[in-house]
Each structure stands twice: as structure tokens, then as C-alpha cells.
Amino acid sequence: MPTESTVYHRLQHQIAHLRQQILALRVSEEQFQDWFDAQLFKTTHSAPEQYCDELATNVRQLERSQSVDQQQWLALRVEQQMLALSRAVAFFQSRQRRKP
């Protein structure tokens, strides 16, 4: 069974990978933000990779949290954000592959 620190390390690695993928896509913030429910991410981002910053902040808060309720809420939030970002990246990558 993975240790807690291993889990956080894996999450940080996955976020870094998502950031690299988002940067490689070179999509505008306007194209990217339309993918997400207004409640999922803050709306103050000016670049798509900043969604990864918010996600990383949530992971750090989860790692430091002492409250079980807050841990559960943050874990669900991190899961939803990672899934949403992964889906958006996959969509834009498939769209770029189809371009002539």
C-alpha cells in the first residue's frame, strides 16, 4: 500500500504532467475556461496552466489539513479538478491531431 507521501508525490507529478500538456496545446484561456463548471475552478485565471496552480494549491491544503471533513472535501475537489483537466486536455489533443 502506498504511503501518504508517495500519494502526494504522485499527485504533484500528475499535475506537472498536466501543466506540460496544457502548455504544449497553446490554447487560449477563453477556449479552455468554457470546459469547466463555474463552481469547479476560480474564474480569475488568465492562462490555462493556472488551473494547475489552483489544483496544486488544493493538494497542498489536503496534505496539511487536520480535519477529516476538510480532507474529504478537498480530496473530492482534487479528483474532480484532475478529471476535468484531463478531459479538456484529451479533447484539445485529439482536435490538434485531426488538423491537417
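Attention in this report is confined to the structure presented alongside it. Position numbers for residues start from 1 in each chain and track the written sequence from start to end. Reporting in this predicted model follows two pLDDT cut-offs: at least 70 for local features of residues, and 80 or more for side-chain atom pairs to be given and counted; totals over whole chains, interfaces and linings ignore these cut-offs and use all residues. Computation of side-chain values: all heavy atoms of the structure, hydrogens and water removed.

1. Quick notes on the overall build of the chain
So, step 1. Strands here mean DSSP runs of E at least two residues long; helices mean DSSP runs of H or I at least four residues long; both are numbered from the N terminus. When helices and strands are tallied, the chain shows four helices and zero strands.
So, step 2. Secondary structure elements in the chain, listed N-terminal to C-terminal, are α-α-α-α.
So, step 3. Along the three orthogonal principal directions, the C-alpha set of the chain runs to about 50 × 30 × 15 Å.
So, step 4. Relative accessibility under 20% of the residue-type maximum defines a buried residue, over 50% an exposed one, and the middle range a partly exposed one, all with a 1.4 Å probe and only protein chains included. Looking at the chain as a whole, 34% of its 100 residues qualify as buried.
So, step 5. Put simply, 65% of the contacts in the chain that link residues at least 6 apart link residues at least 24 apart.
So, step 6. Distance between charge centres in the chain, computed from 12 positive and 11 negative side chains, equals 8 Å. Contacts were defined at the residue level, with two residues in contact if any of their heavy atoms lie within 4.5 Å. Counting rule for charge: Lys and Arg are taken as positive, Asp and Glu as negative, and neither His nor the chain ends is counted. A single reference atom marks each charge: NZ on Lys, CZ on Arg, CG on Asp, CD on Glu.

2. Quick word on the packing of helix α1 (residues 4-25) against helix α3 (residues 50-64)
So, step 1. Whenever a helix is involved, its axis is fitted only over the stretch in contact; in every case the axis is a line through C-alpha atoms, and angles between N-to-C directions fall within 0 to 180 degrees. Orientation of α1 relative to α3, taken along the N-to-C sense of each, is 175°, at an axis distance of 10 Å. By the angle class used here, α1 and α3 are roughly antiparallel. Contacts between α1 and α3 involve Y8, L11, Q12, I15, L18, R19 and I22 from the former and C52, D53, L55, A56, V59, L62 and E63 from the latter.
So, step 2. Partitioned by chemical class, the residues of the contact of α1 with α3 number ten nonpolar, one polar and three charged. An angle below 35 degrees is read as roughly parallel, one above 145 as roughly antiparallel, one from 65 to 115 as roughly perpendicular, and any other as oblique. Amino acids outside the nonpolar list (Ala, Val, Leu, Ile, Met, Phe, Trp, Tyr, Cys, Pro) and the charged list (Asp, Glu, Lys, Arg) are all regarded as polar, and Gly is one of them.

3. Some remarks on the side chain of S65
So, step 1. Assignment of secondary structure puts S65 in the loop between α3 and α4 (68-98).
So, step 2. In contact with S65, other than residues within four places in its own chain, are Q70, Q71 and L74.

4. Describing a positive patch on the surface
So, step 1. Taken together, the side chains of R95, R97, R98 and K99 define a basic patch exposed on the protein surface.
So, step 2. Looking at the secondary structure, you find R97 in helix α4.
So, step 3. Of the residues examined, R97 reaches a relative accessible area of 64% and is grouped as exposed. Patch building starts from residues that exceed 30% relative accessible area and form no salt bridge, then joins like charges within 9 Å and nonpolar side chains (Val, Leu, Ile, Met, Phe, Trp, Tyr) within 5 Å. For accessible areas, the Shrake-Rupley method is used with a probe of radius 1.4 Å. Any residue's cover is judged against the shown protein chains and nothing else. Throughout this description, the term salt bridge denotes a Lys or Arg side-chain nitrogen within 4 Å of a carboxyl oxygen of Asp or Glu.

5. Some remarks on the pattern of salt bridges
So, step 1. Tallying each qualifying case throughout the model produces one salt bridge.
So, step 2. In this structure, R19 and D53 form a salt bridge, with 2.7 Å as the shortest nitrogen-oxygen distance. Here R19 is found in helix α1, whereas its partner D53 is found in helix α3, with 34 residues between them in sequence.
So, step 3. Residue class for D53 comes out partly exposed when judged on its relative accessible area of 35%.

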